[in-house]
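Chain residues, written in single-letter form:
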Amino acid sequence: AVVQAGEDEERTAGVGTASYASPEQRGTGRYGTASDVFSLGLVLCELRGGFGSGHERAKAFEDVRKGEWRGEHGVDELIRDMTRDDPEKRPNIKEVLRRVEA
């Protein structure tokens with residue numbers, strides 16, 4: 001479904017996988033590009049974790065959502081930054097790309 005979000009913006013509603021949804025999507029249903037950054041952070045977490053089961057992945061996502069993701073590598077810091085509760089404190093996609101390419 002598509003809903004009007006602003007004067008000339010459209011957003012999808014009710015589309016996507018709930019486990020990858022940002023806090024603002026889960027709470028208010030309102031979202032923007034920072035929500036995409038959050039979801040991408042969860043994808044990076046999944047790639048980084050190499051989980052053997054859905055339960056391990058769910059536990060890791062829970063840790064990420066609580067701000068308890070641990071790790072010493074630069075990608076772990078990036079995951080923490082991308083999955084901050086406050087969308088204003090997440091890096092934008094250009095910053096994410098800069099950090100990944102570094």
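Look a little higher up for the structure.
Right, let's walk through the structure included here. (Residues numbered from 1 in each chain as written. Predicted model: local features only at pLDDT ≥ 70, side-chain atom pairs only at ≥ 80, totals over all residues. Heavy atoms only, no water.)

1. Points about a nonpolar patch on the surface
Stated precisely, the cut-off is as follows: Patch definition: residues above 30% relative accessible area lacking any salt bridge, with like charges linked at up to 9 Å and the nonpolar side chains Val, Leu, Ile, Met, Phe, Trp and Tyr linked at up to 5 Å. The accessible surface values rely on the Shrake-Rupley method and a 1.4 Å probe; as for residues, cover is taken only from the protein chains in view. Here a salt bridge means any side-chain nitrogen of Lys or Arg lying within 4 Å of a carboxyl oxygen belonging to Asp or Glu. Each helix is a run of H or I in the DSSP string that is no shorter than four residues. Each strand is a run of E no shorter than two, and both are numbered from the N terminus.
A surface patch of nonpolar side chains, amounting to about 430 Å² of accessible area, comprises Leu 40, Val 43, Leu 47, Ile 93 and Leu 97. Only helix H2 (33-49) and helix H5 (93-101) provide two or more residues apiece to the nonpolar patch. Ranked by residues supplied to the nonpolar patch, first place goes to H2 with three residues. You can see Leu 47 is positioned in helix H2.

2. Regarding helix H4 (residues 74-82)
Let me state the cut-off plainly: Burial here depends on accessible area, computed with a 1.4 Å probe over protein chains only, as a share of the maximum for the residue type. Under 20% is buried, over 50% is exposed, and the range in between is partly exposed. Two residues form a contact once any of their heavy atoms are found within 4.5 Å.
By the burial criterion, the buried members of H4 are Asp 76, Leu 78, Ile 79, Asp 81 and Met 82. Contact partners of the buried residues in H4: H2, helix H3 (54-65) and H5.

3. Looking at H2
As a reminder of what qualifies: Under the convention used throughout, the expected extent of a helix is 1.5 Å for every residue step, that is, one less than its residue count.
With 17 residues, H2 should cover 24 Å at 1.5 Å per step; its first-to-last C-alpha distance of 24 Å lies within 8% of that length. Restricting attention to buried positions, one finds in H2 the residues Ala 34, Ser 35, Val 37, Phe 38, Ser 39, Gly 41, Leu 42, Leu 44 and Cys 45. Within two residues after H2, Gly 50 carries a phi angle of roughly 55 degrees, on the positive side.

4. Focus on the packing of aromatic side chains
We describe a pair of aromatic rings using the distance from one ring centre to the other and the angle between the two ring planes. Here is the rule: Only centres within 6.5 Å qualify two rings of Phe, Tyr or Trp (six-membered ring in Trp) as a pair; their planes then separate them into stacked at under 30 degrees, edge-to-face at over 60, and tilted for everything else.
A complete count under the given rule lists one aromatic pair for this structure. On the basis of an interplanar angle of 75 degrees and a centroid distance of 5.3 Å, the ring pair of Tyr 20 and Phe 61 is categorised as edge-to-face. Here Phe 61 lies in helix H3 and Tyr 20 lies in the loop between strand E2 (10-12) and helix H1 (23-27), a separation of 41 residues in the sequence. Neither Tyr 20 nor Phe 61 differs from the other in exposure class; each is buried.

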